[in-house]
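Each chain, written out:
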Amino acid sequence: WLLHPTGNVALVLVLLYLAMFAGLAWWVVRYTTNVTETERKNLDDQTVAGKDIEYLAEHLRPDSTPLHVLFYLATTPESLRLTHQQLVLSDEMRASRVEFLRPKRQTTKLETAAPTDEFGMEDGGWAEDDDDADDPHVQAEKKAAEEKEMLAK
């Protein structure tokens, strides 16, 4: 009776087959076009804007030279907008960097005007004899060297 349905069974089977076919088609369409919102936004951001395409179609001709193509690609409305946006951002960054470095410049000018003794050295250079004044061995060597000088004279 399933291979050759008759009556109400045939009608129910036809409806089930149609529902199964519609469900399968819906699943295939949904599976192949399943794109999340972030992916859709990324895809929209990576496409060329319609205004740019219109601009290029308006200005480029089949006999345009590569230099013309490059010029018109560089002067599309979106390229100009992005370039202007980046220039404004770089000016803001430059101004904030100058403000950040300004106090440091003033302090370095003061330091160069009045040098400080950062390493504990005064005009004596690297070696200081005062550091060894407490060591008895060093004092004994100094006395011996003085005596040798006195005897040599």
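Residues numbered from 1 in each chain as written. Predicted model: local features only at pLDDT ≥ 70, side-chain atom pairs only at ≥ 80, totals over all residues. Heavy atoms only, no water.

J.: Looking at this structure, I do not really get the overall build of the protein chain. What am I missing?
T.: When helices and strands are counted, the protein chain shows 6 helices and 0 strands. Counting from the amino terminus, the protein chain carries its helices and strands in the arrangement α-α-α-α-α-α. Within the span of the protein chain, comprising 153 residues, buried residues form 6% of the whole. (Helix = DSSP H or I, 4+ residues; strand = E, 2+ residues; numbered from the N terminus. Buried < 20%, exposed > 50% of the residue type's maximum accessible area, 1.4 Å probe, protein only.)

J.: Honestly, the pattern of salt bridges in this entry has me stumped. Any pointers?
T.: Pairs can form between side chains of opposite charge once their charged atoms are near each other. Summed over all chains, the structure comprises 2 salt bridges. The partner of Arg94 in a salt bridge is Asp91, with the nearest N and O atoms 2.9 Å apart. Note that Arg94 and Asp91 are positioned in helix H5 (residues 77-113) at a spacing of 3 residues, about one turn of the helix. Ionic pairing is found between Arg102 and Glu99, a salt bridge with its closest N-O pair at 2.9 Å. Placement of both Arg102 and Glu99 in helix H5 is noted, with a separation of 3 residues, approximately one turn of the helix. With a relative accessible area of 40%, Arg102 lands in the partly exposed category. (Salt bridge = Lys/Arg side-chain N within 4 Å of Asp/Glu carboxyl O.)

J.: So what exactly am I meant to see when it comes to the confidence of the model for the protein chain here?
T.: Detail in the predicted coordinates should be disregarded across regions flagged by low pLDDT. For the protein chain, per-residue confidence averages 80 on the pLDDT scale, and residues scoring 70 or more make up 72% of the total. Here helix H2 (residues 37-45) stands out as the least confident element of the protein chain, with mean pLDDT 69; helix H4 (residues 66-74) is the most confident, with 93. (pLDDT = per-residue confidence, 0-100.)

J.: Can you help me understand the side chain of Thr76 in this one?
T.: Tracing the chain through its elements places Thr76 in the loop between H4 and H5. Looking at Thr76, its side chain comes within polar contact range of the side chain of Ser79, at 2.8 Å. Other than its neighbours up to four places away in sequence, Thr76 contacts Asp52, Tyr55 and Leu56. (Polar contact = N/O pair within 3.5 Å; in protein donor to acceptor, adjacent residues only side chain to side chain. Contact = heavy atoms within 4.5 Å.)

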